[in-house]
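Given next are the chains, with one letter for each unit.
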Amino acid sequence: MSKLTYRGSEYTKFKSIRLHKDDEVVVIAGKEKGKRGKILVIDKKRDRVVVEGLNKRKRFLRPTQENPQGGIVEVEAPMHISNVMFYDSKKKKGVRLGYQENKGKKVRVSKPDGKEI
């Protein structure tokens, strides 16, 4: 019998991720489509992002010494990185990102017009 590998263990499709933590993004697919939020966490290995206030799930906490009551807490669940797009506040819509060399430094630019972010 061959050994099964964990599906998320090997590196996946998106080798370079142009989004960074604290970027504002807009969701372009799924049940949260059209909503905006700030990126809290990026999981590069599994191609997932956690966006503030979006994709909420209920977590059932058992009572502990810190939280003797226990209860239900809503937390943000990760979503696939292909479902979010960088939000340009000047254009008021999602834009694609690229990189450009500027005075020896690598900077992020919005794709259609090449404006620096």
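Residues numbered from 1 in each chain as written. Predicted model: local features only at pLDDT ≥ 70, side-chain atom pairs only at ≥ 80, totals over all residues. Heavy atoms only, no water.

Chemist: Account for a nonpolar patch on the surface, naming residues and giving values.
Modeler: Residues Leu61, Val73 and Val75 make up a contiguous nonpolar surface patch of about 190 Å² in total accessible area. Topologically, valine 73 is positioned in strand β5 (residues 71–76). (Patch = residues over 30% accessible without salt bridge, like charges linked within 9 Å, V, L, I, M, F, W, Y side chains within 5 Å. Areas by Shrake-Rupley, 256 points an atom, 1.4 Å probe, with all protein chains shown as cover. Salt bridge = Lys/Arg side-chain N within 4 Å of Asp/Glu carboxyl O. Helix = DSSP H or I, 4+ residues; strand = E, 2+ residues; numbered from the N terminus.)

Chemist: Pulling in residues and values, what's your account of the pairing of strand β7 (residues 84–88)?
Modeler: By the criterion of burial, β7 is predominantly enclosed, with 4 of the 5 residues buried. Bridge count for strand β1 (residues 24–27) against β7 is 3 bridges, and the pairing is antiparallel. The partner of valine 25 across the bridge, within β7, is phenylalanine 86. Relative to strand β8 (residues 93–95), β7 is paired through 3 bridges, and the arrangement is antiparallel. The partner of tyrosine 87 across the bridge, within β8, is glycine 94. Between β7 and β8, which follow one another and run antiparallel, lie 4 residues, and lysine 92 among them has a positive phi close to 60°. (Buried < 20%, exposed > 50% of the residue type's maximum accessible area, 1.4 Å probe, protein only. Pairing = 2+ DSSP bridges.)

Chemist: Go over the nonpolar core with me, naming the residues and quoting the values.
Modeler: Of all hydrophobic cores here, the largest spans 14 residues; its most connected members are Leu19, Val25, Val49, Val51, Met79, Ile81 and Val84. Within the residue set of this core, elements represented by two or more residues are β1, β3 (48–51) and β7. Contact partners of leucine 19, with chain neighbours within four places excluded, come to Val25, Ile39, Ile42, Ile81, Val84, Phe86, Leu97 and Arg108. (Core = buried A, V, L, I, M, F, W, Y, C linked by side-chain atoms within 4.5 Å. Contact = heavy atoms within 4.5 Å.)

Chemist: Outline the layout of surface pockets, supporting the account with residue identities and numerical values.
Modeler: Roughly 390 Å³ of internal volume is contained in the largest pocket. In terms of lining residues, the largest pocket is bounded by 15 residues, among which Arg18, Leu19, Ile81, Val84 and Leu97 are the most central. The leading source of residues in the lining of the largest pocket is β7, at 3 residues. Its residues assigned to classes, the lining of the largest pocket shows 10 nonpolar, 2 polar and 3 charged. (1 Å grid on protein atoms, 1.4 Å probe; cavity = no way out; pocket = protein on both sides within 12 Å on 5 of 7 lines; lining within 4 Å. Points joined across faces, edges and corners; volume = space filled by probe spheres on them. Nonpolar A, V, L, I, M, F, W, Y, C, P; charged D, E, K, R; others polar.)

Chemist: Lay out the environment of lysine 93 with the relevant residues and their values.
Modeler: Locating lysine 93 in the fold gives a position in strand β8. The partly exposed category is assigned to lysine 93, whose relative accessible area is 48%. Taking the C-alpha atoms as reference points, lysine 93 and valine 26, separated by 67 residues in sequence, lie 7.9 Å from one another. Those residues in contact with lysine 93 that lie beyond four places of it in its chain are Phe86, Tyr87 and Asp88.

Chemist: I'd like a description of the confidence of the model for the protein chain, backed by residues and values.
Modeler: The share of residues in the protein chain with pLDDT of 70 or more is 89%, and the mean pLDDT across the chain is 88. When mean pLDDT is compared element by element in the protein chain, β1 scores highest at 97, while strand β9 (residues 97–102) scores lowest at 92. (pLDDT = per-residue confidence, 0-100.)

Chemist: Let's hear about the packing of aromatic side chains: which residues, and what values?
Modeler: Applying the stated criterion to the full structure yields 0 aromatic pairs. Over the aromatic face of tyrosine 87 sits the side chain of arginine 36, whose NZ or CZ is 4.4 Å from the ring centroid. Residue placement shows lysine 106 over the ring face of tyrosine 99; its charged tip is 4.8 Å from the ring centre. (Phe/Tyr/Trp six-rings, centres within 6.5 Å; stacked < 30°, edge-to-face > 60°. Lys NZ or Arg CZ within 6 Å of the ring centre and 35° of its normal.)

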